[in-house]
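Summary of structural features
Here is what each chain is made of, one letter per residue.
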Amino acid sequence: MNGLERILATVTGDEADYQPFTMLLSLYGASLIKCDTPTYYRNPELWFEGQQAVVDTFDPDIVISPFSFPIEAGAFGSELIFLNKYGPNVSKPIITSLSQINSLRIPDFEKSEAIKFFQRGNELLSGKYKGNKAIASPIHSPADLPSLL
């Protein structure tokens with residue numbers, strides 16, 4: 001039974017060979033391929049290489065698509081800080097009060113490097129693991145967006 005079959009069996013109440021599992025190891029992939037995190041979170045091919053190393057090491061049934069809430073904030077214009085061995089973080093928010101949220105512009109999906117990172121990372125992940133492992137994408141709710149930005 002592969003990871004996707006295991007997940008589907010569990011969801012439908014059928015018997016699986018063992019209980020499916022996953023681990024949230026996005027940043028751990030950078031360590032496995034010995035990549036600094038600023039490069040890792042800007043290069044989807046390196047991010048994918050790190051996630052392949054995670055799968056090779058731990059063989060989770062569910063793989064997690066690229067995500068970083070600060071990178072999403074960066075797509076809207078927040079300034080980010082990248083520290084080695086840590087995930088990115090917001091250093092200067094694009095808005096400083098909730099009343100400014102109406103002035104935000106939706107990121108240009110064709111030009112935003114942050115959006116391209118997510119799109120390409122998902123393409124690589126689904127191209128490799130489609131039909132074999134479940135792919136999950138952590139998302140925030142629209143109610144979280146103001147605090148994220």
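Residues numbered from 1 in each chain as written. Predicted model: local features only at pLDDT ≥ 70, side-chain atom pairs only at ≥ 80, totals over all residues. Heavy atoms only, no water.

Let's talk about the packing of aromatic side chains
How we decide: Centres within 6.5 Å are what make two rings of Phe, Tyr or Trp a pair, Trp counting through its six-membered ring; a difference in plane orientation under 30 degrees is then read as stacked, over 60 as edge-to-face, and the rest as tilted. Comment: elements are numbered from the N terminus, with helices defined as DSSP H or I runs of at least four residues and strands as E runs of at least two. Burial classes: relative accessible area under 20% of the type maximum marks a residue as buried, over 50% as exposed, and values in between as partly exposed (1.4 Å probe, protein chains only).
Counted according to the given criterion, the structure contains six aromatic pairs. Residues Y41 and F117 carry aromatic rings whose centres are separated by 6.4 Å and whose planes lie at 45° to one another, so their mutual orientation is tilted. Linking Y41 in the loop between α3 (37-40) and α4 (44-58) with F117 in helix α6 (residues 113-129), this pair joins segments that are 76 residues apart in sequence. For the residue pair Y41 and F117, the accessibility class agrees, reading buried in each case. Geometrically, the ring pair formed by W47 and F117 is edge-to-face, given 6.5 Å between the ring centres and 80° between the ring planes. Of this pair, W47 sits in helix α4 while F117 sits in helix α6, and the two are 70 residues apart along the sequence. Accessibility classification places W47 together with F117 in one group, the buried group.

Comments concerning the packing of helix α5 (residues 69-76) against α6
Keep this limit in mind: Simply put, an axis is a line fit to the C-alpha atoms, just over the touching stretch for a helix, and the angle between two N-to-C directions goes from 0 to 180 degrees. Under this scheme an angle from 65 to 115 degrees is roughly perpendicular, one under 35 degrees roughly parallel, and one over 145 degrees roughly antiparallel; angles in between are oblique. Contacts were defined at the residue level, with two residues in contact if any of their heavy atoms lie within 4.5 Å. Nonpolar residues are Ala, Val, Leu, Ile, Met, Phe, Trp, Tyr, Cys and Pro. Charged residues are Asp, Glu, Lys and Arg, and all others, Gly as well, are polar.
Two elements in contact, α5 and α6, have axes separated by 8 Å at closest approach and are oriented at 135°. In terms of axis orientation, α5 runs oblique to α6. Note on element contacts: α6 touches α5 through A114, I115, F117 and F118, opposite I71, E72 and A75. When its residues are assigned to classes, the contact of α5 with α6 shows six nonpolar, no polar and one charged.

Examining unusual backbone geometry
A positive phi angle is found at K34, which is not glycine, with a value near 55°. Topologically, K34 is positioned in the loop between α2 (26-32) and α3. Non-glycine residue D59 carries a positive phi angle of around 50°. Position of D59 relative to the elements: it lies in the loop between α4 and β1 (62-64).

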